Amino acid sequence: MILTYNGYAMVQSTGHSFECEEISLPTHFIHSSNTFDLYKLSDSLYRLEPKAKTSPILEHLYIFNKYEYQGMRGISGSQKLFQKLNTSKKITLKFDMNYPWVGTAISQLGIKEFPGIKANPEVMKYHKAAKYGTNNDSADGDAWCGSFIAWVMSENGFTPPKIAVRASEWKKFGKMINKPIFGAIGFKFRSGGGHVGFVIGQSYDGNDLYILGGNQGNQVRISKYPKNIWAAFIIPEKVNTTLSTLPFYSGHSSKRGSEA
Amino acid sequence: MMKKILILILTYCICMQTSTANEDIIEGVRLARDNTDFAVVISYTRLETEKIEISENYYEQKTIYYADIIEKIRGNFSNKTSLSFYAWSESGDSVGLPIQDKLIFLCKDQDNLFYFAGPGSSFIADPRYVYIAKQEKRELTGETTVQFCN
């Protein structure tokens, strides 16, 4: 399944593999430092596998066009193989995906709360996953970032914390890690609540994080935040983070909390 | 006959849904009650918002709500007939003034100012919820301790 969002092609995960067909939005990509092996399966079908068995990278955000592979900064060895792909119509990407919930979160990009007393059923499903009893999507200033995480993690077989609507409750979920990695839940503290979202990338200078979260400007979107405002990073207990990294992000985002 | 059966089934389904939703809300009221020191029923009157710089060139939104006190439930509000409290949100997030009376739970900061206890701390001022808010707090255990104020 291919999703498009603001001009980017995004390939949603289906279990542990990704399939791209007729990708034709080549303008941006998120790169990694991984190298890949490419296998030609037929004249029109290729399999691309990362050499690292546990790849934390945003593979499903790699973007190809029909004629050439754009970018792939830092790649060695396999780059020439990509150049041979210029007539391919179909590429199958197969990965040992460690963070499938990010694909689920990406599928929700653009979901917005309804203004006033109306409630967007898509946001209400997040509250339902958080077992938060309310009749309004953002009633009385209630944030829904925590509920969004609850829905995403529930869809991927994880049990949210008891009061998942509260951002700070997510510190009780899984295990704390000492640095941001791709797919981690970032927690930002403030009195009477806080904010949570998925870490999906960093700026080239390392000073900012890109967070995919709910209730960011009243919607699900990717936003840029200063790195130093994040208090904790959490990952599900059983996830192996040994090879985890945080890719640079060069895609679309909104800048949160800026006067600019 | 068939029509009556269908109506009965439909009514049953609606009742079951309402019941489930209420149970979630009731447990929410209990948790807010158990984890905060101030509870009050209010009628909102107005609000003000301002952007506060949290980090260099990074701002968050502080909203100050003003309200008339309808009923004091828990905590010392002295002789006040109105109050104000603040709440934080992401910069640019929409804020609104609820029309209905609300049962809300509050915390106090080091400057003795009230602040909203966060998501899960505001409820319709339904007599059932107000009744629960007035009940004694449960003894906090790992299950019921939630970081509402800190």
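### Looking at the overall build of chain B
Part 1: Within chain B, the regular secondary structure consists of two helices and six strands.
Part 2: From first element to last, N terminus to C terminus, chain B shows the α and β order α-β-β-β-β-β-β-α.
Part 3: Put simply, chain B has 150 residues, and 43% of those count as buried.
Part 4: The contacts of chain B with a sequence gap of at least 6 include a subset with a gap of at least 24, amounting to 66%.
Part 5: Put simply, chain B shows about 8,400 Å² of open surface, and 54% of that area lies on carbon and sulfur atoms.

### Details of the interface of chain B and chain A
Part 1: At the interface, 34 residues of chain B touch 36 residues of chain A.
Part 2: Interface area, chain B with chain A, both sides summed: about 3,000 Å², of which 47% is carbon and sulfur.
Part 3: Sorting the residues of chain B by area buried against chain A places Tyr58, Glu90 and Pro119 of chain B first, and these three jointly supply 21% of that buried surface.
Part 4: Our enumeration of links across chain B and chain A arrives at five salt bridges.
Part 5: Here arginine 190 of chain A ties to glutamate 90 of chain B by a salt bridge, and the two come within 2.6 Å at their closest N and O atoms.
Part 6: Viewed at the interface, chain A and chain B are joined by 15 residue pairs in polar contact (both at pLDDT 80 or more).
Part 7: Secondary structure elements with two or more residues in the side of chain B that touches chain A: α1 (2–35), β1 (38–55), β2 (58–74), β3 (82–90) and β5 (114–116) of chain B.
Part 8: The element that contributes the greatest number of residues to the side of chain B that touches chain A is α1 of chain B, accounting for five residues.
Part 9: Of the residues that constitute the side of chain B that touches chain A, the class distribution is 13 nonpolar, 13 polar and eight charged.

### Concerning the pattern of salt bridges
Part 1: Following the criterion strictly, the structure yields 16 salt bridges over all chains and no others.
Part 2: For glutamate 60 of chain B, the salt bridge is made with arginine 190 of chain A, and the minimal N-O distance between the two is 3.5 Å. With glutamate 60 of chain B in strand β2 and arginine 190 of chain A in the loop between β8 (185–188) and β9 (195–202), the pair connects residues from two separate chains. Here glutamate 60 of chain B and arginine 190 of chain A have matching classes, each one buried.
Part 3: The partner of aspartate 34 of chain B in a salt bridge is arginine 138 of chain B, with the nearest N and O atoms 2.6 Å apart. Of this pair, aspartate 34 of chain B sits in helix α1 while arginine 138 of chain B sits in the segment after α2 (127–134), placing them 104 residues apart in sequence.
Part 4: On the basis of relative accessibility, which here comes to 28%, the residue arginine 138 of chain B falls in the partly exposed class.
Part 5: Several salt bridges converge on common partners, so that one network encompasses Lys162 of chain A together with Glu27, Arg30, Arg33, Asp34 and Arg138 of chain B.

### Section: the confidence of the model for chain A
Part 1: For chain A, the mean per-residue pLDDT works out to 66, and 56% of the residues sit at or above 70.
Part 2: Under a pLDDT of 50 for its full length, residues 1–96 of chain A has, in the predicted model, 211 contacts with residues more than four places off or in other chains.

### Considering the packing of aromatic side chains
Part 1: Within the structure shown, the criterion is met by 18 aromatic pairs over all chains.
Part 2: An aromatic cluster is present here, built from Tyr126, Trp144, Phe148, Trp151 and Phe198 of chain A joined pairwise through their rings.
Part 3: When the ring centre of tryptophan 151 of chain A is taken as reference, the NZ or CZ atom of lysine 125 of chain A above it lies at 4.2 Å.
Part 4: Between the NZ or CZ atom of arginine 166 of chain A and the centre of the ring of phenylalanine 148 of chain B, over which it lies, the distance is 3.7 Å.

### Topic: unusual backbone geometry
Among all residues save glycine, negative phi is the norm, and among peptide bonds the norm is trans.
Residues and elements named next belong to chain B.
Part 1: A positive phi angle, close to 60°, is found at asparagine 57, a residue other than glycine.
Part 2: Locating asparagine 57 in the fold gives a position in the loop between β1 and β2.
Part 3: One non-glycine residue, asparagine 112, lies in the positive phi region at around 65°.
Part 4: On the accessibility criterion, asparagine 112 (53% relative accessible area) is exposed.

### Examining the nonpolar core
Part 1: In this structure, Trp101, Phe148, Trp170, Phe198 and Leu212 of chain A together with Val29 and Leu103 of chain B are the most contacted members of the largest nonpolar core, which totals 73 residues.
Part 2: Every residue in contact with tryptophan 170 of chain A, bar those within four places of it in the chain, is listed here: Gly146, Ile149, Ala150, Met153, Pro160, Pro161, Ala164, Ile185, Val196 and Ile234 of chain A.
Part 3: Core analysis: the next-biggest nonpolar cluster, separate from the first, contains 15 residues, Ile42, Ile69, Phe77 and Ile104 of chain B among them.

### Quick word on the packing of helix α3 (residues 121–129) of chain A against helix α4 (residues 145–155) of chain A
Residue and element names in this part refer to chain A.
Part 1: At a closest axis distance of 7 Å, the pairing of α3 and α4 adopts a crossing angle of 75°. With respect to α4, the axis of α3 lies roughly perpendicular. Between α3, through Lys125, Tyr126, His127 and Ala129, and α4, the contact on the second element is made entirely by Ser147, Phe148, Ala150, Trp151 and Ser154.
Part 2: A per-class count over the contact of α3 with α4 returns five nonpolar, three polar and one charged.

Rules used throughout
- Residues numbered from 1 in each chain as written.
- Chains lettered and ligands numbered in written order.
- Predicted model: local features only at pLDDT ≥ 70, side-chain atom pairs only at ≥ 80, totals over all residues.
- Heavy atoms only, no water.
- Helix = DSSP H or I, 4+ residues; strand = E, 2+ residues; numbered from the N terminus.
- Buried < 20%, exposed > 50% of the residue type's maximum accessible area, 1.4 Å probe, protein only.
- Contact = heavy atoms within 4.5 Å.
- Areas by Shrake-Rupley, 256 points an atom, 1.4 Å probe, with all protein chains shown as cover.
- Buried area = accessible area lost by both parts, 1.4 Å probe.
- Salt bridge = Lys/Arg side-chain N within 4 Å of Asp/Glu carboxyl O.
- Polar contact = N/O pair within 3.5 Å; in protein donor to acceptor, adjacent residues only side chain to side chain.
- Nonpolar A, V, L, I, M, F, W, Y, C, P; charged D, E, K, R; others polar.
- pLDDT = per-residue confidence, 0-100.
- Phe/Tyr/Trp six-rings, centres within 6.5 Å; stacked < 30°, edge-to-face > 60°.
- Lys NZ or Arg CZ within 6 Å of the ring centre and 35° of its normal.
- Core = buried A, V, L, I, M, F, W, Y, C linked by side-chain atoms within 4.5 Å.
- Axes fitted to C-alpha atoms, helices over the stretch in contact; angles between N-to-C directions.
- Parallel < 35°, antiparallel > 145°, perpendicular 65-115°, else oblique.

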